[in-house]
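Next come the chains, spelled out residue by residue.
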Amino acid sequence: MAWSTRSRVSSFLGSEVGVMGSLFHWDTCWRTVPFSVPTNSSSAVSSRTRPWPKFMNWARMDSCYAAASFKEKQSENKDTDVRNMAEAGGEHALFGLMKQRFLSFKNHKYMKELEHFQALSKAQYPKFMVIACADSRVCPSNILGFQPGEAFMIRNIANLVPLMKNGPSECNAALEFAVTTLEVENILVIGHSSCAGIENLMKIQEDVESSFINKWVTNGNVAKLRTKAATAHLSFAQQCRFCEKESINQSLLNMLSYPWIEDKVRSGLLSLHGGYYNFSSCTFEKWTLDFNGCTVNEESSSYAIKEQEFWS
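Worth saying up front: this structure is predicted, and the values here are computed from it rather than measured. (Residues numbered from 1 in each chain as written. Predicted model: local features only at pLDDT ≥ 70, side-chain atom pairs only at ≥ 80, totals over all residues. Heavy atoms only, no water.)

Roughly 450 Å³ of volume is contained in the second largest pocket. Forming the walls of the second largest pocket are 20 residues, and the residues nearest its centre are L163, K165, Q250, N254 and N297. Put simply, the parts of the chain that give the lining of the second largest pocket at least two residues each are α9 (221-230) and α10 (236-255). When its residues are assigned to classes, the lining of the second largest pocket shows six nonpolar, eleven polar and three charged. (1 Å grid on protein atoms, 1.4 Å probe; cavity = no way out; pocket = protein on both sides within 12 Å on 5 of 7 lines; lining within 4 Å. Points joined across faces, edges and corners; volume = space filled by probe spheres on them. Helix = DSSP H or I, 4+ residues; strand = E, 2+ residues; numbered from the N terminus. Nonpolar A, V, L, I, M, F, W, Y, C, P; charged D, E, K, R; others polar.)

This is the structure we're talking about:
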């Protein structure tokens, strides 16, 4: 195919691109979590070779952020008109808006990158698996600019990853497919501010009758206990903010309970990352689990992180 002759572009989060600056910045709660930062770190490069669909050049600004042309302004105004109709016209108008958005995608994205989408119709080779919250305000593709074919995604309440011993779930089924079949090289767990799932976890009392939601969020119980121990002097809202990040690290640690994940992390073929999106400030924190600094056993577990970045 024509795209096979093009050079591969590095992962959009890689240091080669340098689109987003790095700044170490952690809030008061987050700094209380002990972690180690190695001075020398390296990541093994997979020897796998695979077809590489045409992705966007992350080193240049996407055209949607450039100054809109007259035609784009017309399209934007039309979309606004349809949205206003949807607000006034109920369900039928909402699907009318959806139709307009689909046709806009087809005409302005699909047809312009036809070769890329035809390649994707035959196979997918994502470099990332993303585990994000089901919250309607957290759209990884919108926030981080993932393009079709770049990230295999799953979303659940509070972006939790259960331990392997807890049995099958939609989350670990997706993990197995992404790691063993698609052979992703990065797993990114994205949490966010004002997470209702974490707030529910922090409120649950042991003697309360369980709902589906309560049963699910208890996968974050270890993070809750760590939060309570470290933040007893803080307000409930501050404790929730702390737990939103602590639960991300617990999910990263829980992944090591899956042998086929631990083996790939140990060999350098897979990296586990955490991310935290703040709604009010529109900032994003990214870090990587330091496998060599982690301890996982039946009695206790601990983690270390590295490569922290703050994007604002």
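Back to the write-up after that little detour.
With that settled, consider the side chain of T288. When you line up the elements, T288 lands in strand β5 (residues 283-289). Among the polar contacts made by the side chain of T288, one reaches the side chain of K286 at a distance of 3.2 Å. When near neighbours in sequence (up to four residues on either side) are disregarded, T288 contacts L272, H273, A304, I305, K306 and E307. (Polar contact = N/O pair within 3.5 Å; in protein donor to acceptor, adjacent residues only side chain to side chain. Contact = heavy atoms within 4.5 Å.)

This part covers the UniProt feature "binding site: Zn(2+)" (unreviewed entry) in the chain. Residues annotated in UniProt with the feature "binding site: Zn(2+)" (unreviewed entry) correspond here to C133, D135, H192 and C195. Spatially, the listed residues are clustered: although they cover 63 residues, their C-alpha atoms lie within 9.1 Å of one another. Along the polypeptide, C133 turns up in strand β1 (residues 128-133). Using a relative accessible area of 6% as the deciding quantity, one classes C133 as buried. Aside from chain neighbours lying at most four places away, what touches C133 is V138, R155, N156, I157, A158, N159, I190, H192 and C195. Here H192 lies in strand β3 (residues 186-192). (UniProt positions renumbered as here; feature names shortened; annotations may be inferred. Buried < 20%, exposed > 50% of the residue type's maximum accessible area, 1.4 Å probe, protein only.)

Quick look at unusual backbone geometry now. The general pattern is negative phi for most residues beyond glycine and trans for most peptide bonds. Positive phi, normally seen in glycine, also occurs at S194, with a value near 55 degrees. By the secondary structure assignment, S194 is in the loop between β3 and α7 (196-203). Of the residues examined, S194 reaches a relative accessible area of 42% and is grouped as partly exposed. One non-glycine residue, E307, lies in the positive phi region at around 55 degrees. Its place among the elements puts E307 in strand β8 (residues 305-311).

Formed by 31 residues in total, the largest nonpolar core has its most connected members in M129, I131, L175, I187, M255, I261 and L272. Counting only elements with at least two residues in this core, the list comes to β1, β2 (151-156), α6 (170-181), β3, α10, α11 (259-267), β4 (271-278) and β5. The element best represented in this core is α6, accounting for five residues. Aside from chain neighbours lying at most four places away, what touches M255 is I131, V161, L175, I187, V189, I261 and L272. Counting residues in hydrophobic clusters, the runner-up holds twelve residues, among them C133, C195, M202 and I204. (Core = buried A, V, L, I, M, F, W, Y, C linked by side-chain atoms within 4.5 Å.)

Here we take up the sheet that holds β8. Strand order across the open sheet formed by six strands is β2-β1-β3-β4-β5-β8, with mixed pairing between neighbours. A single partner strand is all that each edge strand has here, and the edge strands are β2 and β8. Averaged over all pairs of adjacent strands, the angle between strand axes in this sheet comes to 20 degrees, irrespective of strand direction. Of the strand pairs in this sheet, β3 and β4 are connected by seven bridges, and their pairing is parallel. Bridge pairing in β4 places H192 opposite Y277. The strands that α6 touches are β1, β2 and β3; relative to β2, the one it contacts most, it runs at about 170 degrees. (Pairing = 2+ DSSP bridges. Axes fitted to C-alpha atoms, helices over the stretch in contact; angles between N-to-C directions.)

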